Amino acid sequence: MGSDAQNGSAGGSGIRVAEGSGVCFGVRRALRLAETALESGEAVYCLGPLIHNPQEMERLAGKGFRVIESLDEAGGGGRLLIRSHGLQPGVVAEARGRGLEIIDATCPLVRRVQTLAVELQEAGDRVIVAGDAPHPEVRAIRGHAPAAVVVNDVEAVRRLALSGRVALVAQTTFSPGAFRDMAAALRERDLEEVRVEDTICAATVERQRGAADLAGHVDVMFVIGGRNSANTNRLAELCAAR
Ligand code: SF4
């Protein structure tokens, strides 16, 4: 972000842009992979939108990018791009079985959560995912580590029946404050071991901090993003709370 003057806020009025705004590297990478795949002129399928930005999705659709709800819509082979949220291994296997070539655009930070969840589960830990169970990223994590339990607030953590060793990981866009509360609630319990792996994405933290800071210093705050985006909704909540 530039200075206030660059953002048109010199003299106390104008438009200011929050620190960390814009498309994160994981989504930029997925867009780049999609663009490269589309160069051949063949259709590229994707289970759900690649980015929660209707204009960008429309532009990609013009090049042959097809958003589908189910693999049944990807008739007769072609390519399936896994978006930055990742995908359940079972769905990937089914796609391969249907003759679809896989282009994996899972964000490396999301991949890290998946890998950690698998390793912790295999090591005998009860894996807890701080996140929203219906979110595609969380569904993909659970696809990799099916025994993991998903909770989205500290009260849910307190209600969990737990014993032995537990490990806490987070959906990459989860609230850092809520994650800390959940970790503290686990540590208060009588458990053999509590391992906390903060897997929240730094780009998300930076974006949330920048938006919340700016919201406290302006008269009107606009959060521009997709209504169905977890990131956008979290930013709107944080700004509204200021
Ligand atoms: S984990 Fe972070 S960098 Fe990766 S896609 Fe999500 S917000 Fe973007």
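Each value, and the rule that gives it
- Residues numbered from 1 in each chain as written.
- Predicted model: local features only at pLDDT ≥ 70, side-chain atom pairs only at ≥ 80, totals over all residues.
- Heavy atoms only, no water.
- 1 Å grid on protein atoms, 1.4 Å probe; cavity = no way out; pocket = protein on both sides within 12 Å on 5 of 7 lines; lining within 4 Å.
- Points joined across faces, edges and corners; volume = space filled by probe spheres on them.
- Helix = DSSP H or I, 4+ residues; strand = E, 2+ residues; numbered from the N terminus.
- Nonpolar A, V, L, I, M, F, W, Y, C, P; charged D, E, K, R; others polar.
- Patch = residues over 30% accessible without salt bridge, like charges linked within 9 Å, V, L, I, M, F, W, Y side chains within 5 Å.
- Areas by Shrake-Rupley, 256 points an atom, 1.4 Å probe, with all protein chains shown as cover.
- Salt bridge = Lys/Arg side-chain N within 4 Å of Asp/Glu carboxyl O.
- Buried < 20%, exposed > 50% of the residue type's maximum accessible area, 1.4 Å probe, protein only.
- Pairing = 2+ DSSP bridges.
- Axes fitted to C-alpha atoms, helices over the stretch in contact; angles between N-to-C directions.
- Contact = heavy atoms within 4.5 Å.
- Domains from an automatic or database assignment.
- Buried area = accessible area lost by both parts, 1.4 Å probe.
- Disulfide = S-S within 2.5 Å.
- Core = buried A, V, L, I, M, F, W, Y, C linked by side-chain atoms within 4.5 Å.

**Topic: the layout of surface pockets**
Moving on, step 1. Looking at the second largest pocket, its volume works out to about 270 Å³.
Moving on, step 2. Leu 47, Gly 48, Arg 83, Leu 87 and Arg 139 are, among the 18 residues lining the second largest pocket, the residues nearest its centre.
Moving on, step 3. Of all the elements in the fold, those that place two or more residues in the lining of the second largest pocket are strand S1 (44-47), strand S3 (78-82) and helix H5 (136-144).
Moving on, step 4. Partitioning the lining of the second largest pocket into residue classes produces 10 nonpolar, five polar and three charged.

**A short note on a nonpolar patch on the surface**
Moving on, step 1. On the surface, a cluster of nonpolar side chains totalling about 430 Å² of accessible area is made up of Val 220, Phe 222 and Ile 224.
Moving on, step 2. Within the secondary structure layout, Val 220 lies in the loop between helix H8 (202-215) and helix H9 (230-240).
Moving on, step 3. Looking at Val 220, the relative accessible area reads 56%, which means it is exposed.

**Concerning the sheet that holds strand S5 (residues 126-130)**
Moving on, step 1. With parallel pairing, four strands are arranged side by side in an open sheet as S6-S5-S7-S8. Each edge of the open sheet is held by one strand with a lone partner, namely strand S6 (149-151) and strand S8 (193-196). Taken over all neighbouring pairs, the strand axes of this sheet differ in orientation by 25 degrees on average, direction set aside.
Moving on, step 2. Sitting on the sheet, helix H4 (residues 108-122) is in contact with S5, strand S7 (165-170) and S8, with an inclination near 175 degrees to S7.
Moving on, step 3. The strands touched by helix H7 (residues 176-187) are S5, S6, S7 and S8; relative to S7, the strand with the most contacts, the crossing angle is about 175 degrees.

**Quick look at the sheet that holds S1**
Moving on, step 1. If you trace the four strands from one edge of the open sheet to the other, you get S2-S1-S3-S4, paired in parallel fashion. Either end of the sheet is taken by a strand with one partner, and the two such strands are strand S2 (65-68) and strand S4 (100-104). Taking the axes of each pair of neighbouring strands and ignoring which way they run, one obtains an average angle of 30 degrees across the sheet.
Moving on, step 2. Summarising the sheet, S1 and S2 pair through four bridges and their orientation is parallel. Note on S2: the bridge partner recorded for Cys 46 is Val 67.

**Remarks on the domain arrangement of the protein**
Moving on, step 1. For the protein, the assigned domains are domain 1 (10-19 + 202-240), domain 2 (25-106) and domain 3 (109-196).
Moving on, step 2. Of the residues lining the interface, six residues belong to domain 1; the matching set on domain 3 comes to eight residues.
Moving on, step 3. Buried surface at the junction of domain 1 and domain 3, both sides included, amounts to about 520 Å², of which 52% is carbon and sulfur.
Moving on, step 4. Summed over the three residues of domain 1 that lose the most area to domain 3, namely Thr 204, Ala 230 and Arg 234, the buried surface amounts to 66% of that side.

**Quick notes on the state of the cysteines**
Here, disulfide denotes a covalent bond that connects the sulfur atoms of two cysteines.
Moving on, step 1. Tallied over the entire structure, the rule returns zero disulfides.
Moving on, step 2. No disulfide involves Cys 239; its nearest neighbouring cysteine sulfur is the one of Cys 201, lying 17 Å away.

**Concerning the nonpolar core**
Moving on, step 1. Residues Ile 128, Leu 168, Met 182 and Leu 186 are the most contacted members of the largest nonpolar core, which totals 20 residues.
Moving on, step 2. Looking at this core, the elements that each hand over two or more residues are S5, S6, helix H6 (154-159), S7 and H7.
Moving on, step 3. Aside from chain neighbours lying at most four places away, what touches Leu 186 is Ile 128, Val 157, Leu 162, Val 166, Leu 168, Leu 191 and Val 194.
Moving on, step 4. Ala 30, Leu 38, Leu 81 and Ile 103 belong to the second-largest nonpolar core, a separate cluster that totals 17 residues.

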